[in-house]
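Breakdown of the fold
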Amino acid sequence: MNKKKFFAVAMAVAVAGTSLAPAFTSNAEGLTQATDASKVTYGSLSNADIAVMKNLFDLEYYKAQNPDVVKVLGDDYKVLFNHFCLCGIFEGRTCNPNFDPAAYASAYSDLREKFGTDIVKYYEHYALLGKTENRPITTVAACAEAGITVESIVDNSVKISPSVYLLARKLGTTDFATVQKALEKAASSSSSSS
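All values reported here derive from a predicted model rather than from experimental measurement.

As for its placement among the helices and strands, A177 is situated in helix α11 (residues 176-193). Between the alpha carbons of A177 and V164 there is a distance of 8.8 Å; along the sequence they are 13 residues apart.

As structure tokens, then:
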């Protein structure tokens, strides 16, 4: 058994055996991905869910967004797709540049009310019904353009306002939380000096 397959099998056993800790420590800079392992609830995907994910999964994007995973598992399509289905989706790792479930949930409050924190349901809705229902706001950038604040599916204290998004882009970062804190600090400093 080669090294990549060994890690994939070991990861699957770890996920199947426990839901107490993620397979990798998450160093998320983005919004959707969990940064707190205690907030991750692992589940399992049905065969129908896997078929939906297969149509959405973009290998190059997943590799670029998850260097921690690539470092451990390599860059094989099957191994990384399995990681996404077993762990990544539940950790909030996105698999396609054209879809962020937190942005989708923030743009469409009816879906947030219906699906709550079930991240798989947002992917399914987007893939199967989103276009036919004319729901084009599917990314954090699209939300910013539409003046919508994006709120994390898992942690409602994590938010990206359009101004935070635009400033982060100008600064060349996706660390929205740090940009938000810097804006808050600047606002409090300017109000205390005036």
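Where helix α10 (residues 162-171) is concerned, the buried positions are P162, V164, Y165 and A168. Taken around the axis of α10, the buried residues stretch over an arc of 165°, which confines them to a single face. Away from the buried face of α10 by more than 90 degrees, exposed residues K170 and L171 are located. Following α10 by one or two positions, G172 has its phi on the positive side, about 75°.

What follows concerns the packing of helix α2 (residues 47-56) against helix α8 (residues 119-130). The contact between α2 and α8 brings their axes to 10 Å, and the two run at 65°. By crossing handedness, the relation of α2 to α8 is classed as left-handed. Seen from α2, the contacting residues are D49, V52, M53 and L56; seen from α8, they are V120, Y123, E124, Y126, A127 and L128. Split by residue class, the contact of α2 with α8 holds 8 nonpolar, no polar and 2 charged.

What follows is about the packing of helix α5 (residues 77-91) against α8. Between two packed helices, both the angle of their axes relative to each other and the distance between the axes serve to describe the pair. Remark: α5 packs on α8, axes separated minimally by 9 Å, with the N-to-C direction vectors making an angle of 105°. The orientation of α5 with respect to α8, classified from their angle, is roughly perpendicular. Residues F84, I89 and F90 of α5 pack against I119, V120 and Y123 of α8. Considered class by class, the residues forming the contact of α5 with α8 number 6 nonpolar, no polar and no charged.

Taken over all residues, the pLDDT of the chain has a mean of 82, while the share at 70 or more is 80%. Considering only residues more than four positions removed or in separate chains, one finds that residues 3-30, a stretch of pLDDT under 50, has 50 contacts.

As a further point, take α5. Of all the bends in α5, the largest measures some 50° and sits at F84. The buried fraction of α5 is high, at 11 of 15 residues. Phi turns positive one or two residues past the end of α5, at G92, with a value near 85°.

This part takes up the packing of aromatic side chains. Applying the stated rule across the entire model yields 15 aromatic pairs. Aromatic pair F57 and F81: ring centres 5.3 Å apart, planes at 75°, arrangement edge-to-face. Of the two residues, F57 sits in the loop between α2 and α3 (59-65) while F81 sits in helix α5, which places them 24 residues apart along the sequence. Under the relative-accessibility criterion, F57 is labelled buried at 8%. On the numbers, 6.0 Å between centres and 5° between planes, the contact of Y77 with F81 is stacked. Linking Y77 with F81, this pair stays in helix α5, spanning 4 residues, or about one helical turn. Overall, the relative accessible area of 32% leaves Y77 in the partly exposed class. The class for F81 is buried, based on a relative accessible area of 5%.

Along the polypeptide, E124 turns up in helix α8. Overall, E124 belongs to the buried group, its relative accessible area being 16%. Setting aside chain neighbours within four positions, we find E124 in contact with D49, V52 and L129.

Conventions used here
Residues numbered from 1 in each chain as written. Predicted model: local features only at pLDDT ≥ 70, side-chain atom pairs only at ≥ 80, totals over all residues. Heavy atoms only, no water. Helix = DSSP H or I, 4+ residues; strand = E, 2+ residues; numbered from the N terminus. Buried < 20%, exposed > 50% of the residue type's maximum accessible area, 1.4 Å probe, protein only. Arc of directions from axis to C-beta. Axes fitted to C-alpha atoms, helices over the stretch in contact; angles between N-to-C directions. Left-handed = near helix turned anticlockwise from the far one by under 90°. Contact = heavy atoms within 4.5 Å. Nonpolar A, V, L, I, M, F, W, Y, C, P; charged D, E, K, R; others polar. Parallel < 35°, antiparallel > 145°, perpendicular 65-115°, else oblique. pLDDT = per-residue confidence, 0-100. Bend = angle between axes of the 7 residues up to and from the residue. Phe/Tyr/Trp six-rings, centres within 6.5 Å; stacked < 30°, edge-to-face > 60°.

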